[in-house]
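Structural characterization, general
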Amino acid sequence: MSKKAIVFGATSGIGKALAQLMVKDGYTVAITGRRKDKLLEIQAANPKQYIIKKHDVTKLEDSEKVFNELTQELGTVDLIVYSSGVAEPNYNLEWNKELPTLNVNVIGAVKIYGLAYNFFHQQGYGHLVGISSVAGLRGNRHTPAYFASKAFQNNYLESLWMKAKRSKSKIHITDIAPGFVDTKMALGDTFGMASVDKATQQIYSAIQRKKKKAYVTKRWGLVAFVMKRLPAKLLMKLA
Ligand SMILES: NC(=O)c1ccc[n+]([C@@H]2O[C@H](COP(=O)([O-])OP(=O)(O)OC[C@H]3O[C@@H](n4cnc5c(N)ncnc54)[C@H](OP(=O)(O)O)[C@@H]3O)[C@@H](O)[C@H]2O)c1
């Protein structure tokens, strides 16, 4: 029987490419996002292996409904990926810029993490993957909500990892922390930018190995090691 997955935030970028890799690998994949035209476009390439569902993760009642509909349609689910994300520089700390980031990266994420964990608990197995960021390692004066939201994801996912391990269940949790990846979100060419293909291959490999945490691309593991140790006074001059 083919494996089954759900990717939240698969209309573009990392989520889309990851879903495409999984489909190539034989998975049936349910993909979500707000842009229905993009979902239809992706599905058209392989109608038998994609299920699509228009979904805004900030509409929390919808999250429960969409989640239940998809799990019922799929029957069993091996893998759930939360890739939805929003990032916006906010130099003047405008509330209307901070709020969408918090709604998608924190509230929306926790809603899906919880639904996924409890579903896997009932099912007896499953693998939850969150796409966080190296941004979660430290603060940033230009984009505070995004960096803080990614730190939140790092800690929440680690908490779920601990919970799953302690319960000796067959639930696996993976936190993927990419550096810069060439998507709309990266806002143009920058230091250490990886192609979507390269980043997604490495993400998929980390998922297959059921890693607890993976920096993508691998060089970001080294950057992370340094970043964790840099004094804030130096860090604020770099970014
Ligand atoms: N690109 C990078 O350099 C980079 C680095 C580190 C981490 N990441 C993380 O990687 C993840 C994917 O980002 P990406 O680079 O692939 O950017 P992207 O191409 O902009 O993809 C973002 C995805 O999030 C979805 N999304 C945004 N708001 C949503 C909402 N309200 N409801 C449901 N889905 C929503 C988008 O779908 P719709 O717009 O159709 O709703 C889209 O599918 C994010 O969590 C991001 O923080 C990216």
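This text follows the structure it describes.
Residues numbered from 1 in each chain as written. Predicted model: local features only at pLDDT ≥ 70, side-chain atom pairs only at ≥ 80, totals over all residues.

Each helix and strand in the protein chain was counted, giving 8 helices and 7 strands. Scaling as 2.2 N^0.38, a compact globule of 239 residues should have a C-alpha radius of gyration of about 18 Å, and the protein chain matches this with 17 Å. Based on the C-alpha atoms only, the size of the protein chain along its principal axes is roughly 55 × 40 × 35 Å. The buried share of the protein chain, reckoned over its 239 residues, is 42%. (Helix = DSSP H or I, 4+ residues; strand = E, 2+ residues; numbered from the N terminus. Rg over C-alpha atoms; globule rule 2.2 N^0.38 Å. Buried ≥ 20, exposed ≤ 12 C-beta atoms within 10 Å, placed from the backbone.)

Close contacts around the ligand come from 30 residues, with Gly13, Gly33, Arg34, Gly85 and Thr183 the closest. No other element matches helix H1 (residues 13-24), which puts 3 residues into the shell around the ligand. Per-class residue counts for the shell around the ligand are 12 nonpolar, 13 polar and 5 charged. (Near = placed C-beta within 6 Å. Nonpolar A, V, L, I, M, F, W, Y, C, P; charged D, E, K, R; others polar.)

This brings us to the sheet that holds strand E5 (residues 125-131). Read across the open sheet, the 7 strands follow the order E3-E2-E1-E4-E5-E6-E7; overall the sheet is parallel. Two strands bound the open sheet, and with one partner strand each, they are strand E3 (50-54) and strand E7 (213-216). Between one strand axis and the next, the sheet turns by 15° as a mean value, whatever way the strands run. Contacts from helix H3 (residues 60-74) reach strand E1 (4-8), strand E2 (28-33) and E3 within the one sheet, and its direction differs from that of E3 by about 165°. Contacting E1, strand E4 (79-82), E5 and strand E6 (170-178), helix H4 (residues 95-123) crosses the sheet at an angle of about 165° to E5. (Pairing = 2+ DSSP bridges. Axes fitted to C-alpha atoms, helices over the stretch in contact; angles between N-to-C directions. Contact = placed C-beta atoms within 7 Å.)

Take unusual backbone geometry next. Here the amide bond leading from Val216 into Thr217 is cis, since omega sits at -5°, within 30 degrees of zero. Take Thr217: it is sitting in the loop between E7 and helix H7 (219-229). A positive phi angle, near 50°, is found at Leu93, a position not held by glycine. With 9 C-beta atoms packed within 10 Å, Leu93 lands in the exposed category. Backbone geometry places Lys210, a non-glycine residue, at a positive phi of 55°. Its place among the elements puts Lys210 in the loop between helix H6 (196-208) and E7. The exposure class assigned to Lys210 is exposed, which follows from the 11 C-beta atoms found within 10 Å.

A separate point is the nonpolar core. One finds Ala5, Val7, Val29, Ile31 and Val81 to be the most contacted residues of the largest nonpolar core, which totals 62 residues. If we ignore the near neighbours within four places in the chain, the residues touching Val29 are Ala5, Val7, Ala19, Met22, Val23, Gln49 and Tyr50. (Core = buried A, V, L, I, M, F, W, Y, C linked by C-beta atoms within 7 Å.)

The next thing to look at is H3. Over its 15 residues, H3 extends 21 Å from the first C-alpha to the last, a length consistent with the 21 Å expected when each residue adds 1.5 Å. Those residues of H3 not exposed but buried are Ser63, Val66, Phe67, Leu70 and Thr71. When H3 is viewed along its axis, its buried side chains cluster within an angular range of 125° and face the same direction. Those residues of H3 that are exposed and aimed more than 90 degrees away from the buried face are Glu61, Asn68, Gln72 and Glu73. Among the structural elements, E1, E2, E3 and H4 are those in contact with the buried residues of H3. Immediately beyond the C-terminal end of H3, within one or two residues, lies Gly75, with a positive phi of roughly 85°. (Expected span 1.5 Å × (residues − 1). Arc of directions from axis to C-beta.)

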